[in-house]
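Read off the chains here:
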Amino acid sequence: MNSPDTTVQQAKREHTRTGMSKDAFQRDLLDNLFYIQGRFREVATPHDLYMAAAYTTRDRLLARWVKSAQTFKATHARTVCYLSAEYLLGPHLASNLVNLGITETARAAAEELGMDMDALIEEEEEPGLGNGGLGRLAACFMESLATCQIPAIGYGIRYEFGIFKQAIEDGWQVEKGDNWLRNGNPWEIPRPKISFAVGFGGHTESYRDERSQVRLRWQPAFEIRGVAYDTPILGYGSQNVNLLRLWKAEASESLDLQAFNTGDYYGAVHAKIEAETLSKVLYPNDEPEAGKELRLKQQYFLVSCSMQDMIRLHLNTVGPLEGFADKFTVQLNDTHPALAVAELMRLLLDRHAMTWEEAWGITHKTFCYTNHTLLPEALETWPVSLFERLLPRHLEIIYEINRRFLDEVRMRFLGDEARVRRMSLIAEGHERRVRMAHLAVVGSHAVNGVAKLHSYLVKAMLFKDFAELWPERFHNVTNGVTPRRFVVVANPRLAKLITETCGQDDWIRDLEQLRALEPHVDDAGLQGRWQEVKRAAKQDLAQWMKQATGIELDPESMFDVQAKRIHEYKRQHLKVLHIVRCYQRIKQGQVQGLVPRTFIFGGKAAPGYFMAKLIIKLINAVAEVVNNDPQVNDWIRVAFMPDFNVKNGQRLYPAAELSEQISLAGKEASGTGNMKFSMNGALTIGTLDGANIEIREAVGPENFFLFGLTAEEVLQRQMTGYRPWEYYQNDPELKSDLDLINSGLFSHGDTQLFRPLTDNLINHDPFMVLADYRAYLECQEQVDRIYRDPERWTRMSILNVARIGYFSSDRAIREYAERIWQVGPQPVLDTEH
Ligand code: GPU
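Residues numbered from 1 in each chain as written. Predicted model: local features only at pLDDT ≥ 70, side-chain atom pairs only at ≥ 80, totals over all residues. Heavy atoms only, no water.

1. Focus on the overall build of the protein chain
The criterion, for reference: Helix and strand assignments come from DSSP, with helices taken as H or I runs of at least 4 residues and strands as E runs of at least 2, each series counted from the N terminus. This radius of gyration counts C-alpha atoms alone. The globule rule is 2.2 Å times how many residues there are, raised to the power 0.38. Residue contacts follow a heavy-atom distance rule, with two residues in contact if any of their heavy atoms lie within 4.5 Å. Calculation of accessible area relied on Shrake-Rupley with a 1.4 Å probe; when residues are assessed, cover is drawn exclusively from the protein chains displayed. In this tally, Lys and Arg are treated as positive and Asp and Glu as negative; His is ignored, and so are the chain termini. By convention, the point assigned to a charge is CZ for Arg, NZ for Lys, CD for Glu and CG for Asp.
If you tally the helices and strands in the protein chain, you get 34 helices and 24 strands. In terms of overall dimensions, the protein chain is globule-like: its C-alpha atoms have a radius of gyration of 28 Å, near the 28 Å expected for 833 residues. With respect to the principal axes defined by its C-alpha atoms, the protein chain has extents near 90 × 80 × 55 Å. A separation of at least 24 residues holds for 76% of the contacts in the protein chain among residues at least 6 apart in sequence. In the structure as shown, the protein chain presents an accessible area of about 31900 Å², 51% of it carried by carbon and sulfur atoms. Here the protein chain contributes 96 positive and 110 negative side-chain charges, whose respective centroids are spaced 2 Å apart.

In structure tokens form, the structure reads like this:
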């Protein structure tokens, strides 16, 4: 509370518009309500109040933003450009308040006006500009870059419709449009002056330049424009603000003009609409869209606008482009932006008249590439014919990159034409295709995977030939997540308890300091409070779930959660088999040793992924039977959280006690949900896959429930021939669980509904669910045993948090900065504006 005296003094010192005191915040809240929303307190809707709070918060970060831009300009700071087709940002308000350090001030200001800050925060609709882990990683990285004071620009697409909203109807997933911009977006600033033409189609031609050199140029058939929309990304405990620059597609003016002049009004408007479809919608698949022309156009649109913008910035600040790779380092977030390699080459060759050698030297020094998957179906390739039609100049450049590259391969591996074919940027076959991953590896000086095992497999399997040619190019940077959003914002009670126990809140910007919890692990006082914090979060979730789904959760039971995209390799159906087993045991009276549990699922299925949608239906079908059977619903309940997104994830992580990370070993590149759960005190049951392995090492094997085949065993089984039906025939419980699913019990007598799923498991089982079933059940019994000893469980939970510091995205960013980007911090000073 400010006394009247200090308030007066503060008001004098403070900028009248952006003061950080409670009174200034309060005044501006009302001011913005009036001048921006045109409302007064009595008639304002919760959404009006949210908007007023958002603008009030935005005003307060603008000074930092401008200061950052000035600093980076003046110091010629080396800048990281993160190129990503996805940013799964989550709501901004709460996290910006935390990073500005004014959460309590804003809360108090709102409260005095009779507003509930939590209700305002709840009003915000999140920008769902991503599918899952890859998009959320980009968002965590942007926040950590600012926290680590590394100048960065995130480039992406301003999709008008983000990832669909998921509703559950009759147990099935139903997709609803995500019209997130409907009510306006207070966090972005449009930059109509920052816009670039992007060409498509047409042909290439040669001409003689002023020095009579023969050069090539591209004459596109049509052009559209990309316009910049900027969103500031705040760091925590630093004044640094980084830029997220998203491109919106619009009709190019020249095209408009042409049509209007010829009197073709309809044609002109139509062309505009056509152009705008380019950034209309995010592809809702976390695998490439086979042959979708619009998707390739989106990728090129992103890449072309971003590379042109970097060149503009370079010419404006540094000057001649020779030093481009010293000013910028560009990270390719998977292969979606890999075309940037060809686009930078084109710009340097055709627009800036460099020689091939000069242009390639710069390009190769500029790019780095992160691979996020080993799944063959997720590796992007595009038909050469599509390139020919859409990007003829880029295809020529890719051919020339390939020609020079394959010469190098031939020199190193004389006579090994099989290797040349394997490594080529072009896959030969009945339809020739461009391999985007090969383009990314050849065009970058650093390639990394996202967890130790994954990076090892990238080198040993996926890019084996490349690793033999260029071993020094390959790295590992294990993923991380931001503790600001996933602990401080999502779980304020836990944050408070940690701060009180550690005696300070430095852990928020230096997560390794969570170690200070460890000496207190046996302290009964801490354990009691730790349990209360978890209990309160479970109650919050139960309340939300009741209102959202009608399902009543019992906060006394263990909350066992699997939340992630629905995918066969992630094995949500293995979890279902466990639930069916529990159901049968309870029905048969075998409740000895069983612990009451609530099974909670969350996750979206790609709209065209039939099997994933059937898994959702199965979960809800089992839930319906289990939850309505009084014989079992004291023991177990099942809930499917609709529309799992960042916002809903923030409700889930604090309440989870058991985190399900049960993918088939070797399939999950890293996983990042595993880190979010553990950071909130959930214990993990998991396979030796992705970052699970490193989490287990960090928290101690005795504090992690491990089961299942190793990646190596998986490969062996697959080589010697895996026969899932043998498991089905030889394990009576497994057989009975699968048979029960087919009995119609969960499907109102329909014995065919789940056949595609069960038949696939019994006859093919590509992700070895049946092979890991028994080990999984046994491990779950171990979970029950330990849960029955709350002290022991709590101890393990505290140790998970105390030792999870490594998985902060700040650590990941520091590793990229040192090992991949060679870039250091550029602090922005806190001076009067
Ligand atoms: N991932 Br490729 C996605 O979310 N989308 C993709 O298109 C591809 C990968 C995920 C991985 O599945 C996950 O294991 C990883 O933690 C995450 O990227 C971030 O690296």
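Moving on from the coordinates now.
2. What about the UniProt feature "modified residue: N6-(pyridoxal phosphate)lysine" (unreviewed entry) in the protein chain?
Cut-off, in case you're wondering: UniProt positions are given in the numbering used here, feature names are shortened, and annotations may be inferred rather than shown by experiment.
In the UniProt entry, the feature "modified residue: N6-(pyridoxal phosphate)lysine" (unreviewed entry) is given for K676. With respect to the element layout, K676 can be found in helix α26 (residues 673-679). Apart from the residues within four sequence positions on either side, K676 is in contact with R136, V481, F486 and Y653.

3. Comments concerning the site of the ligand
We count it as follows: When at least one non-hydrogen atom of a residue lies within 4 Å of a molecule or strand, that residue is treated as near it. By the criterion applied in these results, polar contacts are pairs of N or O atoms within 3.5 Å in which, for protein atoms, one can donate a hydrogen and the other can accept it, and in which residues neighboring in sequence qualify only through two side-chain atoms. Buriedness for pockets is judged along seven lines, at least five of which must meet protein on both sides within 12 Å for an open set on the 1 Å grid over protein atoms alone, while cavities are sets there where a 1.4 Å probe fits but cannot get out, and lining residues have an atom within 4 Å of a point. The rule for placing a molecule in a cavity or pocket is simple: more than half of its atoms must lie within 2 Å of the grid points. Residues are grouped as follows: Ala, Val, Leu, Ile, Met, Phe, Trp, Tyr, Cys and Pro are nonpolar; Asp, Glu, Lys and Arg are charged; every other residue, Gly included, is polar. An automatic or database domain assignment is the source of the domain bounds shown.
Taken together, 16 residues surround the ligand, and among them L134, H372, N479, E668 and G671 come closest. Separating an oxygen atom of the ligand from a side-chain N or O atom of H372 is a distance of 2.6 Å. Relative to its unbound accessible surface of 450 Å², the ligand loses 92% to contact with the protein. Spatially, the ligand is embedded in the largest cavity. Of the residues that constitute the shell around the ligand, the class distribution is five nonpolar, eight polar and three charged. Both domains that meet at the shell around the ligand, namely domain 2 (75-91 + 126-479 + 816-821) and domain 3 (499-807), each give it at least three residues.

4. A short note on the layout of surface pockets
Cut-off, in case you're wondering: Grid points are joined across faces, edges and corners, and a volume is the space filled by probe spheres set on the points.
Empty space within the largest pocket amounts to approximately 1200 Å³. Along its surface, the largest pocket is lined by 37 residues, and D118, V488, V489, A490 and P492 are the ones closest to its centre. Listed by contribution, the elements that provide at least two residues to the lining of the largest pocket are α4 (93-100), α5 (103-112), α6 (117-123), α20 (483-489), α21 (492-502), α22 (524-549) and α25 (646-655). Class assignment of the residues belonging to the lining of the largest pocket gives a composition of 19 nonpolar, six polar and twelve charged. Approximately 640 Å³ is the volume attributed to the second largest pocket. Forming the boundary of the second largest pocket are 24 residues, of which A69, F72, I153, L243 and L313 lie nearest the centre. Of all the secondary-structure elements, those providing two or more residues to the lining of the second largest pocket are α3 (46-74), β4 (152-157), β7 (189-200), β11 (241-251) and α10 (293-317). With seven residues, the single largest contributor to the lining of the second largest pocket is α3. Looking at the lining of the second largest pocket residue by residue, the class counts come to twelve nonpolar, six polar and six charged. Built from parts of two domains, the lining of the second largest pocket gets at least three residues from each of domain 1 (4-68) and domain 2 (75-91 + 126-479 + 816-821).

5. Observations regarding the pairing of strand β17 (residues 446-449)
Put simply, the test is: Exposure classes here rest on a 1.4 Å probe applied to the protein chains alone. A residue is buried below 20% of its type maximum, exposed above 50%, and partly exposed in between. If DSSP finds at least two bridges between two strands, the strands pair.
Residue alternation in β17 divides its side chains into two sets, A446 and N448 and V447 and G449, and both sets are buried. Pairing of strand β13 (residues 367-370) with β17, which is carried by three bridges, proceeds in the parallel orientation. When the sheet's bridge partners are listed, T370 is paired in β17 with N448. Taken together, the three bridges between β17 and strand β18 (residues 474-476) define a ladder with parallel strand orientation. The residue of β18 that forms the bridge with N448 is H475.

6. Considering the packing of helix α23 (residues 572-587) against helix α32 (residues 769-787)
As a reminder of what qualifies: For helices, the fitted line uses only the C-alpha atoms of the stretch in contact; every axis is such a line through C-alpha atoms, and the angle between N-to-C directions lies from 0 to 180 degrees. By the definition adopted for this analysis, an angle is roughly parallel if under 35 degrees, roughly antiparallel if over 145, roughly perpendicular if from 65 to 115, and oblique otherwise. Take the far helix as your reference; a near helix turned counterclockwise from it by less than a right angle gives a left-handed crossing, and one turned clockwise gives a right-handed crossing.
Running from N to C, α23 and α32 point in directions that differ by 55 degrees, and their axes come no closer than 10 Å. It follows from the interaxial angle that α23 and α32 lie oblique. Considering the relative orientation of α23 and α32, their crossing is right-handed. Counting all contacts with α23, which are made through H573, L574, K575, L577, H578, R581 and R585, the residues of α32 involved are V769, L770, Y773, R774, Y776, L777, Q780 and E781. For the contact of α23 with α32, the class distribution of residues is seven nonpolar, three polar and five charged.

7. Some words on the pairing of strand β20 (residues 597-602)
Convention followed: A crossover gets the label right-handed when its path from the first strand over the helix to the second runs clockwise, viewed with the strands pointing away from the viewer.
Most of β20 sits inside the fold, with six of its six residues counted as buried. As paired strands, strand β19 (residues 558-563) and β20 are joined by six bridges and run parallel to one another. Paired with Q562 across the strands is F601, a residue of β20. Since β19 and β20 lie parallel, the crossover through α23 that links them has a hand, and here it is right-handed. Here β20 pairs with strand β21 (residues 636-641) via six bridges, running parallel. For R597, the partnering residue across the bridge sits in β21 and is I636. Once you follow β20 into helix α24 (residues 610-627) and on to β21, the crossover reads as right-handed.

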